[in-house]
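A closer look at the structure
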Amino acid sequence: MTASSIGTPEQLRDPNYLPALHRAVPLGIQHVLAMFVSNVTPAIIVAGAAGFGFGSNSPDFPELLYLIQMSMLFAGVATLLQTVTIGPVGAALPIVQGTSFAFIPIMIPLVAGKGVDGLAALFGGVIIGGLFHALLGTVIGRIRFALPPLVTGLVVTMIGLALVKVGIEYSAGGIPAKASGSESYGSLSSWTPALIVVFVTLGLKFFARGMLSVSAVLIGILVGYIYCVLVGKLPFEAISGSWERSAAFALPQPFKYGFEFSFAAIIGFCLMAFVSAVETVGDVSGITKGGAGREATDKEIQGATYADGFGTALAGVFGGFPNTSFSQNVGLIAMTGVMSRHVVTIGAIFLIICGLVPKVGGIIRTVPIEVLGGGVIVMFGMVVAAGVSMLSDVIWNRRNMVIFAVSLSIGLGLQLEVMNVAPGSANALQHLPDTLRILGASGILPAALIAIVLNLILPETLADEATEEVSGGMAGHGRGTLVKDDHV
């Protein structure tokens with residue numbers, strides 16, 4: 001499907017243009033396929049960290065289905081806020097919203113080992129953090145100075161580094177198998193499906209074009225899924241059982257898991273809202289530049305930030321996770337050249353329909369953990385790569401090297417030390433109050449705060465003798481080019 005067959009160049013650059021439905025519908029579905037796996041993965045990861053939902057015979061299996069259902073439903077609702085708009089809420093641009101990976105390292109310590117009971121505090125934080133995120137829309141233009149590429153690149157890289165362990169654990173057989181000491185954990189039979197997903201994804205991403213390339217991760221997971229069925233790793237009875245236990249239609253329930261004020265959750269979600277807001281600013285700018293060849297207006301940036309925040313708060317009320325704009329869809333708009341917000345609206349409606357049909361979540365949940373692991377190895381690795389790409393725009397003088405070194409050393413050090421010890425064992429933050437311990441455990445927030453403060457207070461030029469021994473004579477002086485690649 002060529003751009004010329006969809007409309008004139010002027011029409012394609014117009015967000016208000018609606019192509020013929022027989023062309024608009026496939027384009028809208030394409031946007032959903034590009035983000036589908038990334039959108040539902042956080043729900044599975046959080047449930048796994050909390051320790052519920054494993055196996056279709058598990059008594060709390062329906063809770064995981066509900067989280068997957070809400071991930072789809074409120075990704076669609078938040079996307080509608082962006083494309084259709086309500087008053088000042090929404091950018092009236094083809095922005096696709098979805099569940100954010102950025103908050104996963106904050107959510108895992110909040111729910112770790114607590115089961116469904118840990119969700120009340122988590123969703124309390126989602127709601128408050130979402131409202132705070134919306135408030136950022138009024139000042140987003142004035143706070144961007146505090147979040148240069150040095151800070152945002154560091155934070156995104158830290159997010160990816162916090163997540164890559166999950167991909168390996170899933171590929172080796174899953175956290176339950178690891179916790180139980182199962183002999184199958186790390187076996188060749190566990191790793192094979194994950195490696196199949198990785199190789200198929202890479203093959204399609206680099207050697208295919210169009211839809212096959214855009215949906216590489218999704219197709220890779222489908223191939224891995226079929227392999228598991230063929231070799232008997234995924235019995236057909238498990239698929240049919242999950243399908244039968246899932247309702248054909250269900251509405252979301254407000255405050256299904258309760259509402260609890262947790263300072264750790266509220267502070268964590270509010271601080272991460274800064275990062276998410278800046279990411280949205282970048283996505284809006286990428287859409288207007290790639291699709292219309294112009295800069296984004298202040299009204300569009302403000303409206304997009306409002307939609308981010310209110311969409312997140314609304315999702316939290318019904319058991320959904322934080323929403324943000326999806327960067328891979330920015331790349332898709334640049335590739336197709338279609339700027340129509342109505343095309344994305346069609347995709348949003350498709351997501352909402354999926355979210356109202358729990359049987360879709362029932363099928364998603366049957367994806368073997370090793371197959372999902374292969375997909376998230378690629379996705380989380382791309383998060384790290386995106387952070388490195390952002391850091392390439394930094395002028396690497398000695399000042400910035402010191403800021404980066406201290407922030408990364410403390411943040412990553414805390415993450416590796418605190419998150420990798422058994423519950424109840426001694427760790428570097430054991431004497432801190434619970435709130436500070438949870439916030440520090442991810443390593444991301446300490447690293448971000450240190451980088452922000454140092455960037456604001458340190459002089460632009462440091463004396464050579466003050467930092468030469470730190471940089472070891474390897475201080476860079478070049479400036480890279482920022483290339484905002486689409487997340488897989």
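Residues numbered from 1 in each chain as written. Predicted model: local features only at pLDDT ≥ 70, side-chain atom pairs only at ≥ 80, totals over all residues. Heavy atoms only, no water.

Thoughts on the pattern of salt bridges
Tallied over the full model, the rule gives five salt bridges. Between K256 and E63 there is a salt bridge, and its shortest N-O distance comes to 3.8 Å. Of the two residues, K256 is situated in the loop between α12 (236-245) and α13 (263-292) and E63 in helix α3 (residues 61-83); the sequence distance between them amounts to 193 residues. For K256, a relative accessible area of 29% translates into the label partly exposed. Residue E370 is joined to K233 by a salt bridge in which the shortest nitrogen-to-oxygen separation is 3.5 Å. In this pair, E370 is assigned in helix α18 (residues 369-391) and K233 in the loop between α11 (216-230) and α12, connecting sequence segments 137 residues apart. Its relative accessible area of 31% is what places K233 among the partly exposed residues. The structure contains a network of salt bridges with shared partners spanning K165, E169 and K178. (Salt bridge = Lys/Arg side-chain N within 4 Å of Asp/Glu carboxyl O. Helix = DSSP H or I, 4+ residues; strand = E, 2+ residues; numbered from the N terminus. Buried < 20%, exposed > 50% of the residue type's maximum accessible area, 1.4 Å probe, protein only.)

Some remarks on a nonpolar patch on the surface
Taken together, the side chains of L195, F199, L202, F206 and F207 define a hydrophobic patch exposed on the protein surface, amounting to about 620 Å² of accessible area. Judged by its relative accessible area of 59%, F199 is exposed. (Patch = residues over 30% accessible without salt bridge, like charges linked within 9 Å, V, L, I, M, F, W, Y side chains within 5 Å. Areas by Shrake-Rupley, 256 points an atom, 1.4 Å probe, with all protein chains shown as cover.)

Here's the deal with empty space enclosed by the protein
Scanning all chains against the criterion turns up four cavities of 30 Å³ or more. Taken together, F103, V126, G129, G130, H133, F269, A273, S276, T312, P322 and N323 make up the lining of the largest cavity. Ranked by residue count, the leading element in the lining of the largest cavity is helix α5 (residues 119-136), at four residues. Considering only residue class, the lining of the largest cavity consists of five nonpolar, six polar and no charged. (1 Å grid on protein atoms, 1.4 Å probe; cavity = no way out; pocket = protein on both sides within 12 Å on 5 of 7 lines; lining within 4 Å. Points joined across faces, edges and corners; volume = space filled by probe spheres on them. Nonpolar A, V, L, I, M, F, W, Y, C, P; charged D, E, K, R; others polar.)

Some details on the environment of I333
Structurally, the position occupied by I333 is in helix α15 (residues 327-336). When its relative accessible area of 0% is taken as the criterion, I333 is described as buried. Distance in space between the C-alpha atoms of I333 and L314 is 27 Å, their sequence separation being 19 residues. With residues up to four places along the chain from it excluded, the contact list for I333 reads H31, P94, I287, G291 and V338. (Contact = heavy atoms within 4.5 Å.)

Regarding the packing of helix α7 (residues 149-172) against helix α9 (residues 188-207)
α9 packs onto α7 with a crossing angle of 125° between their chain directions and a minimal axis gap of 7 Å. Looking at the two axes, α7 sits oblique to α9. In this structure, α7 uses I168, S171 and A172 to contact α9, whose residues at the interface are S190, W191 and A194. Split by residue class, the contact of α7 with α9 holds four nonpolar, two polar and no charged. (Axes fitted to C-alpha atoms, helices over the stretch in contact; angles between N-to-C directions. Parallel < 35°, antiparallel > 145°, perpendicular 65-115°, else oblique.)

Focus on the packing of aromatic side chains
The full count for this structure, using the stated rule, is 10 aromatic pairs. Their ring planes at 20° and their centres at 5.6 Å tell us that F103 and F269 sit as a pair that is stacked. Of this pair, F103 sits in the loop between β1 (97-99) and α4 (104-111) while F269 sits in helix α13, and the two are 166 residues apart along the sequence. Comparing F103 with F269 shows no difference in burial state: the two are buried. Taken together through their ring pairs, the aromatic side chains of Y66, F123, Y257 and F321 make up a single cluster. One Lys or Arg, K256, reaches over the ring of Y66 and ends 5.0 Å from the middle of that ring. (Phe/Tyr/Trp six-rings, centres within 6.5 Å; stacked < 30°, edge-to-face > 60°. Lys NZ or Arg CZ within 6 Å of the ring centre and 35° of its normal.)

Some points on the packing of α13 against helix α21 (residues 444-457)
Close contact between α13 and α21 brings their axes to 11 Å; oriented N to C, the two are set at 50°. Between α13 and α21, the angle is such that the two are oblique. The interaxial crossing formed by α13 with α21 has left-handed handedness. Of the residues in α21, those touching α13 at G268, L271 and M272 are I444, L445 and L449. For the contact of α13 with α21, the class distribution of residues is five nonpolar, one polar and no charged. (Left-handed = near helix turned anticlockwise from the far one by under 90°.)

As for unusual backbone geometry
Within the chain, T85 stands out as a residue other than glycine whose phi angle is a positive 70°. Given a relative accessible area of 24%, T85 falls into the partly exposed group.

What to know about helix α14 (residues 298-318)
Taking 1.5 Å per residue as the helical rise, α14 with its 21 residues ought to reach 30 Å, and the 31 Å between its terminal C-alpha atoms agrees with that figure. Note on α14: the residue one or two positions beyond its end, G319, has a positive phi of about 95°. (Expected span 1.5 Å × (residues − 1).)

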